[in-house]
Amino acid sequence: MADGHHFNNISLGGRGGGNPGQFKLYSGGLAWKKQGGGKIIEVDKGDITSVAWMRIPKSYQLSVGTKEGLCYRFFGFREQDVSSLTNFIEKSTGITPEEKQLSVTGHNWGGIEINGSMLCFNVGSKEAFEVSLADVAQTQMQGKTDVVLEFHVDDTTGANEKDSLMDLSFHVPTSNTQFVGDEHRTSAQMLWQAISVEIDGGGSSEMAVVTFDGIAILTPRGRYSVELHQSFLRLQGQANDFKIQYSSILRLFVLPKSHNPHTFVVITLDPPIRKGQTLYPHIVIQFETEAVVERELALSGEVLAEKYKDRLESSYRGLIHEVFSKVLRGLSGAKVTRPSTFRSCQDGYAVKSSLKAEDGLLYPLEKGFFFLPKPPTLIPHDEIEYVEFERHGAGGASISSHYFDLLVKLTNDQEHLFRNIQRNEYHNLFNFISGKHLKILNLGDGQGRTSGVTAVLQSTDDDSVDPHLERIKNQAGNDESDEEDEDFVADKDDSGSPTDDSDADGSDASMSGGDKENIKSSNPELATTEIAKKLGERWQKMTAEERQPYVEQSQVDKQRYAEESAAYRGAAAQQGSGAGSE
């Protein structure tokens, strides 16, 4: 490759378990993205301080240290990848990767090496294990010779793993030569102090920086006291208590409700938190939009200047959702997404719709769609294969003509159907989606001319609409288009829409009834779907001139259908009025 190497199925190590994804190493640094969307890690080459290879069971692991004291571990590489990547790393960063060996003897005695936020336990010259001190909640002495590390209870780590590391104990004899004690401090106390320096003084971050009481959370539902600490946030409710590391927060969303006194603040997580057997990748908080609060942060001026310079202030006063999002952004470093340029017909930020029988709001954002509040569904634009506007299928013609549905098909074949969108929202949604260059399946030729459903939605004449007819016309395709209808494959279709048998032959726009009888008589064993398939193949092979008579016949049939349908409705209306007069 011209600039870098790309690998699939490379996993990111950590307390949350191995998450597979795509790994890219290029001249400017490295990047890793979780498979299926979610967490993204990017490290600039100027921030890389160390690189190491290690052979682990079934694959090789690449460890990358950064200036911030973080260490990322990627595994899933093959043996032949090591030499090529080593040469590339040396040329692009000037760092020569070292080779480490994994200790598999099972010995539980050795030496400790502290490098930034990483603590490595070595047996001789080989590494037995390593842990991140950023995950340590506090460290304490147990007796005079034991040092105990207690790890953060992070409810997001349980989403992928059944077991999670809770505590770790080291026995340091007084004869230890690595951490030499004196008459005032034992060897274990020397190790304890070295570790305490790296975890902010042994748990000082446990005190809440700021607290918001009685907050309404829609997902997971309940009222919680929300505590924002230096390295994590805690949700404390009557029945549930969640503790979430800031490293699990992907993004914050601040989305006001249209013409409603509430504002959504959504915390998107990877990995998600677990409540029973249910996973929650989004925490949906609902604030009163006009509520004003004042908060003092429990942080010293020294900590604010050194650790949170230009990110936090000593105090805040303003709307509660703004104060909350600003403080959380400053502590976690997460980015904030606000409403996009989209405006609804009532000048709101979202459109009313339904998803999986739940009513809610669909927010068209700059880089995705977000449906709230339940089920909270985030759809990035880069994961969308196409969107399709559909006529609303429920109710009679007079009801369905005022609504439409929006189908969003993802690249992984998953579909989301947003129903019951008011018809007057069509133009704003259509312009926004086309402006994002997303593929609209039933757009027609893409030059502003639309067919089938989209043409009907653009029309303002509700009374002239027959939803069933328009759906049939949309499935059949646009006969006037310059492009061939490549989407029509009979065996992938639903074998036809339900129609009146007496009108079936006369309304076929592609082939005459005689052609049907010829195919059927010469191939009596063929089923109806196979006959339709052969007719479709013939239609594809015909030239524009050969198709023209059938196109004209189709137009005549459509006009006849409209006249007969109007006459039928008029007769039905007269009968109904006559019955009512009796």
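Residues numbered from 1 in each chain as written. Predicted model: local features only at pLDDT ≥ 70, side-chain atom pairs only at ≥ 80, totals over all residues. Heavy atoms only, no water.

Peer 1: Can you walk me through the overall build of the protein chain in this structure?
Peer 2: The number of helices and strands found in the protein chain is 12 helices and 31 strands. Across the 582 residues in the protein chain, those meeting the buried criterion constitute 41%. Once local pairs closer than 6 in sequence are excluded, the contacts in the protein chain between residues at least 24 apart make up 49%. Approximately 31,500 Å² of the protein chain is accessible, and the part contributed by carbon and sulfur atoms is 47%. (Helix = DSSP H or I, 4+ residues; strand = E, 2+ residues; numbered from the N terminus. Buried < 20%, exposed > 50% of the residue type's maximum accessible area, 1.4 Å probe, protein only. Contact = heavy atoms within 4.5 Å. Areas by Shrake-Rupley, 256 points an atom, 1.4 Å probe, with all protein chains shown as cover.)

Peer 1: Honestly, the packing of aromatic side chains in this entry has me stumped. Any pointers?
Peer 2: Aromatic ring pairs are defined here through the distance separating the ring centres and the angle between the ring planes. Going through the model one piece at a time under the given rule, you end up with 18 aromatic pairs. Aromatic pair Phe7 and Phe77: ring centres 5.4 Å apart, planes at 80°, arrangement edge-to-face. Of this pair, Phe7 sits in strand 1 (residues 5–12) while Phe77 sits in strand 7 (residues 71–77); the two residues are 70 residues apart in sequence, bridging distant segments of the chain. Assigned by exposure class, Phe7 and Phe77 land together as buried. With 5.9 Å between their ring centres and 40° between their planes, Phe371 and Phe418 make a pair best called tilted. On the criterion of sequence distance, the pair formed by Phe371 in strand 27 (residues 368–372) and Phe418 in strand 31 (residues 415–422) is long-range, its members being 47 residues apart. Each member of the pair Phe371 and Phe418 is classed as buried. What links up through ring pairs into an aromatic cluster is the set Phe7, Phe23, Trp53, Tyr72, Phe74 and Phe77. A cation over an aromatic ring shows up here: Lys243 above the ring of Phe232, its NZ or CZ 4.5 Å from the ring centre. (Phe/Tyr/Trp six-rings, centres within 6.5 Å; stacked < 30°, edge-to-face > 60°. Lys NZ or Arg CZ within 6 Å of the ring centre and 35° of its normal.)

Peer 1: Any chance you could explain the sheet that holds strand 13 (residues 146–151) here in plain terms?
Peer 2: Strand pairing in a sheet relies on backbone hydrogen bonds, with the paired strands running either antiparallel or parallel. Strand order in the open sheet formed by 3 strands is 12-13-14, with antiparallel pairing between adjacent strands. The sheet is open, and its two borders are formed by strand 12 (136–142) and strand 14 (167–171), each paired with just one other strand. Sheet twist, expressed as the mean angle between neighbouring strand axes with direction ignored, is 15°. Two strands pair when backbone bridges link them, and strand 12 and strand 13 are joined in this way by 6 bridges, in the antiparallel orientation. The partner of Val136 across the bridge, within strand 13, is Phe151. Contacts from helix 2 (residues 187–198) reach strand 12, strand 13 and strand 14, with the element oriented near 165° to strand 12. (Pairing = 2+ DSSP bridges. Axes fitted to C-alpha atoms, helices over the stretch in contact; angles between N-to-C directions.)

Peer 1: Sorry, what's going on with the pattern of salt bridges here?
Peer 2: Any two side chains of opposite charge can pair, given that their charged atoms come close. One pass over the structure, following the stated rule, counts 12 salt bridges. Where Arg185 meets Asp182, a salt bridge forms, and the shortest distance between an N and an O atom there is 3.7 Å. Arg185 sits in the partly exposed class, given a relative accessible area of 31%. (Salt bridge = Lys/Arg side-chain N within 4 Å of Asp/Glu carboxyl O.)

Peer 1: I would appreciate a short explanation of the pairing of strand 29 (residues 384–391) in the present structure.
Peer 2: Side-chain positions along a regular strand alternate between the two faces of the sheet. With 7 of 8 residues buried, strand 29 is to be regarded as a mostly interior element. Pairing between strand 29 and strand 30 (residues 403–410): 7 bridges, direction antiparallel. Considered in strand 30, the bridge of Arg391 is made with Phe404.

Peer 1: Could you clarify how one ought to interpret helix 1 (residues 79–93) in this entry?
Peer 2: Structural remark: α-helix, 3.6 residues per turn; residues separated by three or four positions point the same way. If you check helix 1, its first and last C-alpha atoms are 21 Å apart, about what 15 residues at 1.5 Å a residue would give, namely 21 Å. Buried residues of helix 1: Asp81, Val82, Leu85, Thr86, Phe88, Ile89 and Ser92, and no others. Where helix 1 is buried, its residues meet strand 1, strand 2 (19–26), strand 5 (48–56), strand 6 (59–66) and strand 7. Count one or two residues on from helix 1 and you reach Gly94, which has phi positive near 80°. (Expected span 1.5 Å × (residues − 1).)

Peer 1: Before we go on, may I ask you to explain empty space enclosed by the protein in this structure?
Peer 2: Over the atoms a probe the size of a water molecule is rolled, and this reveals where empty space is left. Evaluation of the coordinates by the stated rule reveals 1 cavity of 30 Å³ or more. Empty space within the largest cavity amounts to approximately 70 Å³. Leu25, Tyr26, Gly29, Leu30, Lys45, Ile48, Val51, Leu62, Val64, Ile89, Ser92 and Thr93 are the residues that line the largest cavity. Within the residue set of the lining of the largest cavity, elements represented by two or more residues are strand 2, strand 3 (29–34), strand 5, strand 6 and helix 1. Looking at which element gives the most residues to the lining of the largest cavity, the answer is helix 1, with 3 residues. (1 Å grid on protein atoms, 1.4 Å probe; cavity = no way out; pocket = protein on both sides within 12 Å on 5 of 7 lines; lining within 4 Å. Points joined across faces, edges and corners; volume = space filled by probe spheres on them.)

Peer 1: What is the right way to look at the environment of Ile112 in this model?
Peer 2: Here Ile112 is to be found in strand 9 (residues 111–115). Note: C-alpha distance between Ile112 and Leu191 (79 residues apart in sequence) is 9.0 Å. Residue contacts for Ile112: discarding those within four places in its chain leaves Leu119, Cys120, Phe121, Phe170, Gln178, Phe179 and Leu191.

Peer 1: Could you clarify how one ought to interpret helix 2 in this entry?
Peer 2: Compared with the 16 Å implied by 1.5 Å per residue over 12 residues, the 18 Å span of helix 2 between its first and last C-alpha is a close match. Along helix 2, the residues that are buried comprise Ser187, Ala188, Leu191, Ile195 and Ser196.

Peer 1: How should the side chain of Glu127 be read in this particular structure?
Peer 2: Here Glu127 lies in strand 11 (residues 126–132). A relative accessible area of 7% means that Glu127 is categorised as buried. Sequence-distant contacts of Glu127, defined by excluding residues within four places in its chain, comprise Met54, Lys100, Gln101, Leu102, Ser103, Cys120, Phe121 and Asn122.

Peer 1: Before we go on, may I ask you to explain the sheet that holds strand 9 in this structure?
Peer 2: Strand order in the open sheet made by the 3 strands is 9-10-11, with antiparallel pairing throughout. Here the strands that pair on one side only, and so sit at the sheet edges, are strand 9 and strand 11. Recorded for the sheet is a direction-independent mean angle of 25° between the axes of neighbouring strands. Of the pairings in the sheet, the one linking strand 10 (residues 118–123) to strand 11 comprises 6 bridges and is antiparallel in character. Following the sheet pairing, Asn122 is matched in strand 11 by Glu127. Along the sheet face, helix 2 touches strand 9 and strand 10 and points at about 25° away from the line of strand 9.

Peer 1: What is the right way to look at the nonpolar core in this model?
Peer 2: The nonpolar side chains of a soluble globular protein tend to be buried, and buried together. Core analysis: the biggest nonpolar cluster contains 38 residues, and Leu228, Leu233, Ile249, Ile267, Ile283, Phe324 and Leu328 have the highest contact counts within it. Where this core is concerned, the elements lending two or more residues are strand 15 (210–219), strand 16 (222–228), strand 17 (232–236), strand 18 (241–245), strand 19 (249–256), strand 20 (262–275), strand 21 (278–288) and helix 5 (320–332). In terms of residues, this core owes the most to one element, helix 5, which gives 6 residues. Aside from chain neighbours lying at most four places away, what touches Ile283 is Ile217, Thr219, Leu235, Ile244, Val265, Val266, Ile267, Leu269 and Ile273. If you look at the next biggest cluster of nonpolar residues, it comprises 23 residues, including Ile379, Val408, Leu429 and Leu438. (Core = buried A, V, L, I, M, F, W, Y, C linked by side-chain atoms within 4.5 Å.)

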